[in-house]
Each structure stands twice: as C-alpha cells, then as structure tokens.
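Structural characterization, general
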Amino acid sequence: MKKQTFALSALCCALQSAGLAAQVQQDSVPDELVVQQQNSEAQQSALEKKEKEVETIVVVGYSSTRQEDITGAAVDVKIADVKDLSSANIMQNLQGRVPGVQILTNGNPNSTAQVKIRGQGLGPLGYNDPLYVVDGVPMNSGLHEINSNDIESLVVLRDAASASIYGARAANGVIIITTKKGSGEPKFEVKLNTSTEDFEYDLNPLNTKQRAEVVWRAAVNDRANPNNVSPLYQYDWNGDYDNPQLNNVILNTYIDSAQTMRPADTDWFDEVTRRSTSKDLNLSYSSGSDTSAVYASFGYLDRNGVVKSSEFTRISGRVNSHVELFDGKVRVGENLALTDQKQNLVNDLAGGILGLAIEQQSIIPIRTEDGTGWGGPTAGITDRDNPVRLLEMNKDNTNRFNKVLGNVYVEYLPLDDLTLRTNYGLSYGNFKFRNFTKAFQAGSLNFNDRLTVTDDWNKTTVWSNTAEYKYLLNYDHMFTLLVGNETVEFESEFFSASGSGFASQDRDYAFLDQATSGITANGFADGWTLKSYFTKLDYDYDRKYLASFTLRRDGSSRFGENNQWGNFPAASVGWRVSDEDFFKFDAMNQLKFRASWGQNGNQEINTRATSSIFQSRYATQSLFTNEQDEGTAYDLTGSDQGNLPSGFAKVSSGNPDLKWETSTQLNLGVDFDFFDSALYGSFDWFRKRTEDILTTTQPLATEGEGAQMIVNGGTIENTGIELMLGYTDEFTVASLGSFTFDITGNISTAKNKVIALPDSVVNSFGGNGRDKTILGKSVNSVFGYVTDGLFQSAEEVAAHASQPGAAPGRIRYVDLNGDGIINDQDQDFFTNTDPDFIYGLNFTLTYGRWDFNMFWQGVKGGSVRNSWRLFTDFTSLNIGSNYGDRTLNAWTAGNTDTNVPALTLLDNNNEARESSFYWEDGSYLKLRNLSIAYNIDPAILDARVYLSAQNLLTITPSGTLSQDPEAPNSVFPIPRTLTLGLSMTF
C-alpha cells in the first residue's frame, strides 16, 4: 500500500483564507461588522457557558467529549476505586467492576489478564481480545506492561457506535488509556507498598503409606493378588477377598534397581509452594503552568509468586509534557514510557509443576541418596518429572522484555474552535530469552543438555492527523465535526537457535559457539500496514437531543486486492428527557435514553493467509514411526555425504478471497440520576452479530498436505444486558459525627449462539457432523456423555442399558438415544462454560480521615472442568501416579453414600471419556478486596496509610469440588494477598 498523504495544510489555508476574506469584508462594511460581532460574541459566550457546565470530560477516540453527552455504551472507570491496589495490571484490579467486561486471570506474578467485552466470537478458533489505545497508540498486548499509577483515566467502549471511530480493530471493544499530565504547583508523590501472598490446596495427595493401602484396596476389588500389582509394595494381608484385612505394608530398601533412591514420603506441594512477598515502589513529579506542564514517574515492581522461584520484576519510567506557543495557538507535547521487564521460566511452568505435585508419587525422594542426583520415576511409577528439579533448573532461565511506548503531537488552532492535530506514536518491544537446561538424570529420565536462545522484536508505528471544528448555531445547535486519517505499520522479526553437547554445565560457559551437536537455527519476519480515513459528526440541540454519526474506511495489507478495503459506519442518538419542559420531577436530575447502531471490523490473521506457503524441511521425523523421514531433502546423487538438496513442502493453502470480519451491533440504553446524584445508574441491552469470522480450518488428513487455510468462517450472535446502580448518602451517629458511604453494584449477561459455520470448521467443536453440531448453541458448549451417578447394585446394572464395563460402584452413563446400548451415539452437548451473569458490589465508607472499602465479585452459572478428578478419584486412569485423599472414601458395598467410583486398577468402564462427571457449577462469590486507610492531616504530612487484603474468601455452591472455579485446574493459583501501603505528597 502506498504511503498516505493528508491535506491538513490545505484545509488550514482554506480556513485562514476565509478568515482573511471575512476581515476584508469587515473593513469595507463597518455597519454589518457590529451585527456580526454581536452575534459572534453571543454564540461564543453560549459555547463557553455550555463547556463550563461540564465537570467530566471523557476521551472516546481521537477527541474528548462531555460524559453526559455520550450516546454510546462507553464506561468511564473510577480509577480512584483501585488506587490502593497493586500497579501490576490495571485490568486485574478492575475485575468485576465494569458491567459487560469479563476479566479472567490467575496468580502468575506477570499479572496477565484475558479480557472479554460483551462475550466472544469463535473462542479458540478466532480472535477475541479488545484493542488497547494508550495515549493514542494502539496495541494488542495487555496492560501488564503499563504502570497503573501513571493512568489518569480508563474508558471502555463496549458498543459499536462508541468504538466505531477505531473501525477495523474494534470488533471486540476498545479500552482507551490516558496517562497523567502535569498541573499546578510542583508536587512530588511517593507510593510504597509491600505484600505477602499464600495459598493452600485442598487436594491432599496421599502419602506413601496411604497410596500403598489404596493400591491394595483396588487390587482386592479386582480380585487380583496385591503383591503382583506393583513392584513398590509388598503386603501382609489375610488373603481373603470377601473379607480382606491388611496387616502391614512392606517397602523395599530401594525403589530403583540402581539402588540410588530409598523410599520417601515427600510432600511435593509443600516442596514447590511458599509464602511469597512483593514490593511496589512509585515516585512521581508533577507541575504545570498556563503554558507548559510536565509529569514524570519511576516505578519498580518486584513480585514473587506462591510457586517457589517464580518471579517478575518491572522497572518503568515515564515523562509526559507539553508546551504552548504563540499565545496558545500551538501546543507541542509528548508522552514517553520505557519499561524493562524480567521474569523466569518458572512462571510459565508453574501450572505444570503444580500438576506434577499431585501426580508424582510421594515415595520418590527429592534427591538420590548421595545427594548429587535427582529423584525420579522408576518401575511402577508414571514417567513424569521431578517438580523440584523443574524449579531449581529453570529459576535462572530468565527472559527480558523491553518496551518503548510513546507519542509526539502538535496541535494548532488557526481559528477559534478549529483544532488541527498531528500525532506520531511508537510501540517497540524486544524479547530476549536464554534457556539452558543442564544434562540430568532423574530416575528413569535421562536428558542431554540444551541451550535455546531467542530474540524477538516488534515495532508498531501510528501516524494520525485530525481536524476538529466546533460550531454553535443560533445558540442551541452545537455541531462538532472530526475528520482524519491514520496509518499503522507493523514489523516484527523472530530468531531462535539451539545447541547441545557442552563440555561444561556451567551456565556462564554455555553459549552457542560452544555447542558440539544438535545445532539448529530458525527465524521469520512479519509486517503489515493499515490505512484508514474517518469522520465523525456530533450534534447537540439545546442539551436535549443528541446525535453522532461516524464513518471509517480501512484498508489492510493482510487481505487480497479485491477485499482490502472495508467501510464501518455507525450512528447513535440520545434524548435527555429530564431537560424537557414537560418533565418536571424534582427528584430526578437526569434521565437520558440512548440508542446506537454500528459496525466494526477485525483483521487479526496471519499476514500470509492469502498466499499458499511452501517451506523447505531439511529433515523431520515422523510422529508415527522412527523409520519414516518426512523432510524435503533427498540424496539425489547417492553420495551419502555432504549437504543434501532440498525441495519444498506445502504448509498451508492461501485464500485470496479473504475479507473483513464484521461485527454489527445494536445498543439501547438509559442513564439516570435521582435525588441530587444520590441514586444513579445505567442500563444497556445489546445484540451483536459477528459475520465472516476469520478462522483457521481443521482439515481431515485425506485432504492432503497443507490443506489448512484461513477462511471467513461463520456467524456468531451475542446478546445481553448490563446494569449498574449506585447509591451515596451521608448519615450522622450521635457522639461520633457524620459518615459518608457509597454503594455501587453491577450485573451483566452475554449469551452466545453460533448461527452459521462452514463445513470445514463446524466439526472443530465436537458433535457427530449431522444432527448434533455446535450450530444453534454457544461456541463454548461441551460435547460428551451424560452421567447419572454410580451403579449401586448388580440389579441396577442389569436394569440399565447395555454398558461395557458396568458394575456396582462404576459410573453410570445415560442412554440418550434410548436404543438400549451405551456407545458413541449417546454423546451430546450437555453444558457450556458461559456464565449466566457476572456481577460486582463495591462498598465505601468514609469517616473523618478514615475510609473503609469492601469489594465483592462473582460469577453465576456456567461450568468448569475439574480435571483434578482424574487423579483424586481414580486409581485406574493413571496407574503409576499418586492419588488424592478422596480415594479413601471410594465406593464400596458398605460405603455407597459417595460420588467417588469404586477403586480398581482396570479401566473397563472407559471412565476417562469426556462426560459430565468432570464438569461442575462454575459459580463463585469472592471477597476481592477489604481495606482500611487513614489520611494524615496535610498540615502535618500529606500522606495516606492503608492496609488491604485481596481474595480473602471464596464461596462456591454446595457440591462444588473445585477449590477455586476461577482457576480450577493446573494453572497458577490465585493467592490470598495482604498489602501494607503508604503514599505521601510533598
């Protein structure tokens, strides 16, 4: 695509010429000058009066507007509500506080978060993230790279009309961040807090003696000789299968043939978890005058996770400044942030490490008997790694990420109410990772050393130019016209190299030039351009009738020539009924109705999607046999030496007909304010239909090599409601004085339904491909068998449909099609992961210099998969693993009041199959934050001291086994956090 040109200079000249012409006319017609001047002054006075009435200005995309004039579903988040929370990621702190925004997170120190605005599209087969815009610079990465203390405002654009100004990238909503600017007298601020975190699992893996007893019980149930089922144990028992009694468990002196490991009783959870600490320090300076301002900050965040050795540090610096020239006609400014982040590989491995802590048997010692080697699997033990080894050998494998994020801009006011602005922004990130795994042996596991070095950088530049003109006609008609264009260019390059066979296992020695074998290198580059033109017209009549119209035209290099361009229109209207003469209710301050319609786009696909890709694969070993080589190199000359000539293999098929993914959204809303803002709130209903969704096909092997392609695949519809209510008041308690409180709550729903999918995509979501497909259901629906408890007797087994492996104590599967046989025809979509609704409740109480805050957040409905049950409930699904203490309450003829299947060493009933047995209610209610703060008298010291606790309590429905439905499986757990903080201003 050619570089853009923009005729702002021509527009300036034309407007200035018009001004000069008007001046000539004034000089030649003095009588008319008086009338014109009076009208102009009256209109300017009315305009200034309107602007002075406004208290809240909201940035909504390339410009700002009065909050009360917004006609779309835009939410201005109260940053003050989370000022005492960690600066790691502002989005984590907003969990449950914004209606219509679902934020999913875990306890990883790097503080990443998944954000969904008004549901999602095709889930794992589509792109679902919102667009983040920081000081006018768009970015797709999360806000964990931004120091939250630098954020002045955060606005969430939920509907298409409010987000339409960002057109091509706004299909999943837009989050606009504006950072702090300098103002007033010079001011220094210091903020410091320290936190402790802890977490305890309730899974309770068995100790060595308990596991031996459980294995004995399972063998007896199978009527097998317990002394023949595991080389780890010998049993002294009575040998009576009908009335078994265990006298003693006998352990071998060593558990391995090399006699390096004695039987242990390792508490793996205790060995890999800890009480962690974190520190957060922020320094800032702010000052400003009528002609200039500066804000500067420095932040240092050091977070350690509850998984041992996990850590994340971030050093950030920011300078925002501007200066006004030529009597305020020109403003030049910049916003610049530098970030240095460092974390180790343990952060990414933590979920798997915790999974190993339940799966690995306690009989394995951490170290071999001589202390020089690692304990590990042997005969009778699952071939899994030592979780402590993973911690120790990866804590020094650190990656570093550096980011430069900033923009420079110039604003020029050639005429009253005309603002010309040009803005150039840069987002540059560089990722470096040096991953060295020493050669090691842990039991039967034996691996050579390996060094992998990764260097990955990306750069996004954005150049935008806008002209905004405000015009007041006849005192009551306010017009605001915005026109502009924008070019976004992205570049990235990735390089990785690996090597093995180092003479020394010293990390300081292990560099690629010392590798002697297995040397490989690979890399790739990427780039795309987005060119856009947009215009927006806002209209306000008498502060009662509001309208806004937007049109954006985007062209992307990611699409073929025939479909490069897309048009994204939007319109919204508002009616402030409370300002009508006929509407006289003293109790109501504001009642405003809103309606909007608009379209947004999405272009997040591989830049090579329109072309068929062929790559040379010098040598690749088949996944299915050690004999077959699926590489593209061949010894044509038969010399059996030297470099082989290589051909090419088709990797993917191009689709030159790809076009924009488009979301069309209708929104109806109302804002209200009663009793001098004591009671306030908003309500929104939306319907969002996303068509031509960009997704990747999952072709059958019979379609041939490289058949996979990106297509415009299907239609998704999301509908939902969003409600926010707030109440604030003041009351007096005798002898104590006055108290002020504020209660705000929100609740929202987002229902998802798949309307259409191409055949090449529909079966990626389960089903039988005929009458049972994802069509008409949520994209997050789960397909499998439905269970109906456990068989309690032989009579129940006989009366049930024919089910291979059925027996008393085994899982009973429902015969859905009623043919009397349990087989794959009895599968169906039985649940989905979509919540019925999400909600939050915030309560703040202020008394004198004290303030107290309590925030609850919850989810109602939806299902989560409790994959831990594979280990906590069975002895048959992973014979060599450890088990949970729920197996101690397994079904027996004398213990039928349980949902844990009878113990067995044989999976005759195929109980690992996907079924409702593993799915449970995902509802929870969490006490997210509880804090108390004291504001010291500024005459003594302008400071604030606070104590807060996060994630203190989790309430789940009766029968829920997941300790935390928000993070139900082997992911980084969400800890309890206690924070003590201090902020001071000088």
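Notes on the structure in this doc start here. None of these values were measured; they are calculated from a predicted model.

Basis of the calculations
- Residues numbered from 1 in each chain as written.
- Predicted model: local features only at pLDDT ≥ 70, side-chain atom pairs only at ≥ 80, totals over all residues.
- Heavy atoms only, no water.
- Helix = DSSP H or I, 4+ residues; strand = E, 2+ residues; numbered from the N terminus.
- Rg over C-alpha atoms; globule rule 2.2 N^0.38 Å.
- Buried < 20%, exposed > 50% of the residue type's maximum accessible area, 1.4 Å probe, protein only.
- Contact = heavy atoms within 4.5 Å.
- 1 Å grid on protein atoms, 1.4 Å probe; cavity = no way out; pocket = protein on both sides within 12 Å on 5 of 7 lines; lining within 4 Å.
- Points joined across faces, edges and corners; volume = space filled by probe spheres on them.
- Nonpolar A, V, L, I, M, F, W, Y, C, P; charged D, E, K, R; others polar.
- Core = buried A, V, L, I, M, F, W, Y, C linked by side-chain atoms within 4.5 Å.
- Patch = residues over 30% accessible without salt bridge, like charges linked within 9 Å, V, L, I, M, F, W, Y side chains within 5 Å.
- Areas by Shrake-Rupley, 256 points an atom, 1.4 Å probe, with all protein chains shown as cover.
- Salt bridge = Lys/Arg side-chain N within 4 Å of Asp/Glu carboxyl O.
- Pairing = 2+ DSSP bridges.
- Expected span 1.5 Å × (residues − 1).
- Bend = angle between axes of the 7 residues up to and from the residue.
- Axes fitted to C-alpha atoms, helices over the stretch in contact; angles between N-to-C directions.
- Polar contact = N/O pair within 3.5 Å; in protein donor to acceptor, adjacent residues only side chain to side chain.
- Parallel < 35°, antiparallel > 145°, perpendicular 65-115°, else oblique.
- Left-handed = near helix turned anticlockwise from the far one by under 90°.
- Phe/Tyr/Trp six-rings, centres within 6.5 Å; stacked < 30°, edge-to-face > 60°.
- Lys NZ or Arg CZ within 6 Å of the ring centre and 35° of its normal.

Okay, the overall build of the chain next. In terms of helices and strands, the chain carries 11 helices and 46 strands. Relative to the compact-globule value of 30 Å for 986 residues, the chain shows a C-alpha radius of gyration of 33 Å, a close match. Expressed as lengths along the three principal axes of its C-alpha atoms, the size of the chain is roughly 120 × 90 × 65 Å. Put simply, the chain has 986 residues, and 49% of those count as buried. For the chain, long-range pairs separated by at least 24 residues make up 70% of all intrachain contacts whose partners lie at least 6 apart in sequence.

Moving on, we get to empty space enclosed by the protein. Enumeration according to the criterion identifies nine cavities of 30 Å³ or more in this entry. In this structure, the largest cavity encloses a volume near 490 Å³. Those elements that place two or more of their residues in the lining of the largest cavity are α3 (90-93), β10 (187-198), β13 (276-288), β14 (292-304), β44 (924-935), β45 (943-955) and β46 (976-985). Tallied by class, the residues present in the lining of the largest cavity amount to six nonpolar, 18 polar and seven charged.

Attention now goes to the nonpolar core. Counting residues in each nonpolar core, the largest one holds 48 residues, and the members touching the most others are Y233 and Y235. Residue assignment for this core shows that the elements contributing at least two residues are α5 (208-221), β11 (233-237), α6 (268-272), α7 (346-359), α8 (387-394) and β19 (440-442). The contacts of Y233, once residues within four sequence positions are left out, are T208, R211, A212, V215, V249, I250, L251, Q361 and I363. With 39 residues, the next largest nonpolar core counts M91, I117, V156 and F490 among its residues.

Nonpolar side chains collect at one region of the surface, where W850, I932, Y934, V945, L947, L978 and L980 lie side by side and expose about 590 Å² of accessible area between them. The set of elements that each furnish at least two residues to the nonpolar patch consists of β44, β45 and β46. For Y934, the position within the fold is in strand β44. Classification of Y934 as partly exposed rests on a relative accessible area of 30%.

To continue, consider the pairing of β44. By the bridge criterion, 10 bridges tie strand β41 (residues 850-860) to β44 in an arrangement that is antiparallel. Among the inter-strand pairings, W856 is bridged to a residue of β44, identified as L927. Both β44 and β45 contribute to a ladder of 10 bridges, which runs antiparallel. Looking at β45, one finds that L927 is bridged to L953.

Glancing now at α7. With 14 residues, α7 extends 18 Å between its outermost C-alpha atoms, agreeing within 8% with the 20 Å of an ideal straight helix rising 1.5 Å per residue. In α7, a bend of some 30° at G352 exceeds every other bend along the element. With respect to burial, α7 is a largely interior element, 11 of its 14 residues being buried. Those residues of α7 not exposed but buried are V346, N347, A350, G351, I353, L354, G355, L356, A357, I358 and E359. Where α7 is buried, its residues contact α6, β15 (311-325), β16 (330-344), α8 and α11 (869-872).

Our focus in this paragraph is the sheet that holds strand β6 (residues 131-134). By way of backbone hydrogen bonds, the strands of a sheet pair with one another, either parallel or antiparallel. The sheet built from five strands is open, its strands ordered β3-β8-β9-β6-β7 with mixed pairing. The sheet is open, and its two borders are formed by β3 (74-76) and β7 (137-139), each paired with just one other strand. Strand-to-strand, the axes of this sheet are offset by a mean angle of 20°, without reference to chain direction. When strand β8 (residues 151-157) meets strand β9 (residues 174-179), the two strands line up antiparallel, connected through six bridges. Paired with S153 across the bridge in β9 is T178.

Okay, α8 next. Here α8 lies mainly inside the structure; seven of its eight residues are buried. Where α8 begins, the side chain of N386 points an oxygen toward the backbone nitrogen of V388, at a separation of 2.9 Å.

Direction vectors running N to C along α7 and α8 enclose 165°, while the axes themselves pass 9 Å from each other. Put simply, α7 runs roughly antiparallel to α8. At the point where α7 passes α8, the crossing takes the left-handed sense. Touching V346, L349, I353, L356 and A357 of α7 are P387, L390, L391 and N394, all from α8. Class assignment of the residues belonging to the contact of α7 with α8 gives a composition of eight nonpolar, one polar and no charged.

Moving on to the environment of Y201. As for its placement among the helices and strands, Y201 is situated in the loop between β10 and α5. Dropping the residues within four chain positions of it, Y201 is found in contact with F269, L354, W868, Q963, N969, V971 and P973.

Evaluated as defined, the whole model comprises 36 aromatic pairs. Between the aromatic rings of F490 and W528, the centroid separation amounts to 5.5 Å while the plane-to-plane angle is 20°, which identifies the pairing as stacked. Note that F490 is positioned in strand β22 (residues 477-500) and W528 in strand β23 (residues 517-541), a separation of 38 residues in sequence. Accessibility classification places F490 together with W528 in one group, the buried group. A centroid spacing of 5.8 Å and a plane angle of 50° characterise the contact between Y727 and F741, whose relative ring orientation is tilted. Within this pair, whereas Y727 is found in strand β33 (residues 715-733), its partner F741 is found in strand β34 (residues 737-748), the two being separated by 14 residues in sequence. We note R97 situated over the ring of F855; from NZ or CZ to the ring centre the distance is 3.8 Å. Lying across the ring of Y813, R913 places its NZ or CZ 4.1 Å from the centre.

Once that is clear, we can look at the side chain of E722. Mapping E722 onto the fold places it in strand β33. For E722, a relative accessible area of 1% puts it in the buried group. One polar contact links E722 to R118, side chain to side chain, over a distance of 2.8 Å. Here R158 takes part through its side chain, which lies 2.9 Å from a polar atom of the side chain of E722. When residues no more than four places from it in sequence are discounted, the contact partners of E722 are P99, G100, R118, R158, S682, F683, D684, F686, I747 and S748.

Attention shifts here to the pattern of salt bridges. Summed over all chains, the structure comprises 49 salt bridges. Between D69 and R66 there is a salt bridge whose closest N-O contact spans 2.4 Å. Judged on exposure class, the residue D69 and its partner R66 are both buried. With a shortest N-O distance of 2.8 Å, R944 and D84 are connected by a salt bridge.

Within the fold, Q803 resides in the loop between α10 (794-799) and β38 (811-813). Look past the residues within four positions of Q803 in its chain and what remains in contact with it is F791, I811, R812, Y813, I822 and N909. Side chain to side chain, Q803 and N909 meet in a polar contact 2.9 Å long.

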